[in-house]
Amino acid sequence: MSKLFPLGITIIIPLGVIFLILSFPLTSNTGPKSFDPKVFQTDEIELLTAKISEVDSLLTDSILPILADLKGSKEGADKLEQNMMKMKAELANFKHILPKGQNNNKIDELLALVPGDQAWLDEIQDFILLQSSLNNLKIRWEPDIQRVQKGQRMYKQLCMTCHGKNGDGVPVTPEKSVTVPADAESSVLQVRPRDFTGITHKDKKVVFKFISTEREYSPALEDDLRNTIKSGLPGSPMPGFTSLSQEEIDALVDYIKTFAYLTWKYGNVNPKVYVSPKPPHDLEAKVRIDKGRQAYLTLCMACHGDIENGKDPEKDKTVDWVDSSGKPIPIMPRNFAFEPLKKGKFQELFNSIRLGIQGTPMPSNPSLSDEDTWDIISYILHLRKMANEGKLPHKKN
Amino acid sequence: MLPENISTFGHLVDNLILIIFVITLMVTVLAFGIIIYAVIRYNRNSNPHTTYKFGPFISKIIYLDAAMIVFDLIIAYASVSGWAHVIMRSRSDLISEHKEYVDVRIIGRQFFWSFNYAGLDNKMDTNDDFIIANKLVVPIDTLVLLNLTSGDVIHSFFAPHLRLKYDAIPGRSMDVWFKATKTGSYEIACAELCGAEHYRMKAKLEIVTKEQYKSWLNERSGALSVR
Ligand SMILES: [Cu+2]
């Protein structure tokens, strides 16, 4: 023992002390680690806002006035040419901080053009129109850094696994649809989580399916996102996050918006919100069902299938959505009888018929009267009842 | 010491814990008792020279083994009977025994629990299903059938008040069940390290009365489901 004691003092204890000192920085390291430094690092969010204000001032202070000057004047053209090199440099500066897929391509195009060229001018004009939706660059939303940071933490916990690290709908853990039967044809179909950046859309547009404003309004109301987060989308793996508080949902929505920062920042400040009428009481009346069937057969059957006679909806053939490997992402029209409806309340369904579903072939039907719409809903309700009572032919059952 | 037991089979688990605790306590007390006795009785003053005593070899084996076998049998009985009651029950058996039941499919995800409800018709994969994250609402005194799986990595569904813990494994679906005996709000956790946010993978377990459950279900299932 006495022989061992000096060993303890000379080697083990100093080693322990060194280890403790070395491990100290590890314990003081708080705050979430980030996945993609460009998009996720919390310190970078501050940098991001600073950069973005640079971009904004560039747009509002130099480009817009010059464009305004330019209308029909020769001096303006000269002035613009003088500023071109400077602007080009500045555009290159902020290129990397813009949300992925949103404007990068656009800026690449811009940079490739010769300064002072008419094409360059057109492109700049295009670029500004894209950002402001022709709305004089009115600021609709500004991120609150703390809220965004909180939202980021929550996103990593609750959303990232499906919606992806970069919010582009590429799941960290891909999953097959739980509602589509696992036969050869439809097991190819995967439920595609929403892409918050717009990178998979053919026009690089940020699109949300279920919104309560006119179709042209971009991209959605905050309330629409809140609703979807709260109630989920039945028939897809998206659950309803009912246990989140209002504050938490707000934080999440704020963070989701940073994936397409400019799109959300400049938008229609006063969107036209559509409020659907209250459902009538006689939705289960036979007259309505028959009328609804007629309307369904002419308006909806082509895509949604003649469900009553055992025909499934056909897989959509449009190529609005393309994944990173260039494969089109198919959109499946709903089978009203057997599948849960993503927005299944009467008024929500009314909205979907009236306003259409963005980013899908489902068109808006502004000319369809309220009564006709309710007739169709009444028929859908009838179909669902029949399905539940086992009176409809379907390969699944 | 243990969280409150609110499931019908919780006492089986608690008993098992108690039995193991008592047995290990007995063995510990006995072993330490012998050591302390030996230290005092055979200390240097009273026993300056080492004495060796050899009894018949076989008797030592018998005493030790007999005790071990008895303890083992007690523990085996308690755990196997609990296991048989909780895990080794087929779905159809449970349904025919209880008749009334609630069906929930649980999918563990990084990093939340996703609870798929069968809706008003109580049938999975029909048109009135809905999914809720991080909140399991079930009625009291009703059989709840859980179908447990994972969407990504191994998670473990742990409801300490229900004395229920079972791994959620990707590609596999496991049937477990419980029947709650007390209303209230409790906690569900993930008991398998599953990634960076594992520590936040918590859900709420809400046991409500049957009437409350019915109205909640009605509200959640949406108007377009069949009443
Ligand atoms: Cu987990």
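Quick note: structure is the one above.
Quick summary incoming for the structure in this document. These numbers come from a predicted model, not from an experiment. (Residues numbered from 1 in each chain as written. Chains lettered and ligands numbered in written order. Predicted model: local features only at pLDDT ≥ 70, side-chain atom pairs only at ≥ 80, totals over all residues. Heavy atoms only, no water.)

Considering the overall build of chain A
Put simply, the rule is: Helix and strand assignments follow DSSP, with helices taken as H or I runs no shorter than four residues and strands as E runs no shorter than two, numbered in order from the N terminus. The classification of residues rests on relative accessible area computed with a 1.4 Å probe and restricted to protein chains. Under 20% of the type maximum is buried, over 50% is exposed, and intermediate values are partly exposed. Pairs of residues are marked as contacts when any of their non-hydrogen atoms sit within 4.5 Å. Each accessible area is a Shrake-Rupley result for a 1.4 Å probe, and residues are judged covered by the shown protein chains and nothing else.
Assigned secondary structure in chain A consists of 15 helices and zero strands. Burial analysis of chain A (397 residues in total) assigns 48% to the buried set. Summarising the internal contacts of chain A: among those between residues at least 6 apart in sequence, 67% fall at separations of at least 24. Of the accessible surface of chain A, which amounts to about 20,400 Å², a share of 57% is contributed by carbon and sulfur atoms.

Some details on the coordination of the copper ion
Residues and elements named next belong to chain B. To keep things clear, this is the line we draw: Here a donor is an N, O or S atom found within 2.8 Å of the metal, or within 3.2 Å if the metal is Na, K or Ca; sites may look incomplete because water is not among the atoms. In this scheme the shape depends on donor count and angles: four donors with every angle between 85 and 135 degrees give tetrahedral, four or six donors with opposite pairs above 155 degrees and others between 65 and 115 give square planar or octahedral in turn, and any other case is irregular.
Within the first shell, the copper ion binds the protein through H155 (ND1), C190 (SG), C194 (SG) and M201 (SD), at distances of 2.1 to 2.4 Å. Around the copper ion sit four donor atoms, and with donor-metal-donor angles ranging over 98 to 123 degrees the site reads as tetrahedral. Mapped onto the sequence, the residues coordinating the copper ion show the spacing H-x34-C-x3-C-x6-M. Pair noted here: H155 is in strand β6 (residues 155-159) and M201 is in the loop between β9 (184-190) and β10 (202-208), with a separation of 46 residues, a long-range link. We classify H155 as buried; its relative accessible area is 0%.

Quick look at the pattern of salt bridges
Under the convention used in this document: Salt bridge, as applied in this entry: a Lys or Arg side-chain nitrogen positioned within 4 Å of an Asp or Glu carboxyl oxygen.
Counted by the stated rule, this structure contains 23 salt bridges over all chains. Between R354(A) and D370(A) there is a salt bridge, with the nearest N and O atoms lying 2.9 Å from each other. On the criterion of sequence distance, the pair formed by R354(A) in helix α14 (residues 346-355) and D370(A) in helix α15 (residues 370-388) is long-range, its members being 16 residues apart. Taking the relative accessible area as the measure of exposure, R354(A) reaches 11% and is therefore buried. Taking the relative accessible area as the measure of exposure, D370(A) reaches 35% and is therefore partly exposed. Residue K210(B) is joined to E100(B) by a salt bridge in which the shortest nitrogen-to-oxygen separation is 3.6 Å. One end of the pair, K210(B), is in helix α4 (residues 210-221); the other, E100(B), is in the loop between α3 (91-98) and β1 (101-109), with 110 residues separating them in the sequence. For K210(B), a relative accessible area of 33% puts it in the partly exposed group.

Some points on unusual backbone geometry
All names here are of chain B. Put simply, Q110 and F111 share a cis peptide bond, and its omega is 5 degrees. Relative to the elements of secondary structure, F111 occurs in the loop between β1 and β2 (112-117). Phi is positive for K99, which is not a glycine, with a value near 65 degrees. Inspection of the secondary structure assignment puts K99 in the loop between α3 and β1. On the basis of relative accessible area, K99 is assigned to the exposed category, the value being 65%. Unlike most non-glycine residues, N122 shows phi in positive territory, near 60 degrees. Tracing the sequence through the fold places N122 in the loop between β2 and β3 (130-133).

Here's the deal with the pairing of β2(B)
Residues and elements named next belong to chain B. Let me state the cut-off plainly: Strand pairing requires that DSSP identify at least two bridges connecting the strands.
Counted residue by residue, β2 has six buried out of six residues, so it is predominantly covered. In β2, alternate side chains face the same way, and those of F112, S114 and N116 on one face and W113, F115 and Y117 on the other are all buried. In terms of strand pairing, β1 meets β2 through six bridges, oriented antiparallel. Residue pairing across strands places R109 opposite F112, the latter belonging to β2. The sheet contact formed by β2 and β3 spans four bridges and is antiparallel. Each residue of the ladder has a partner; that of N116, found in β3, is I131.

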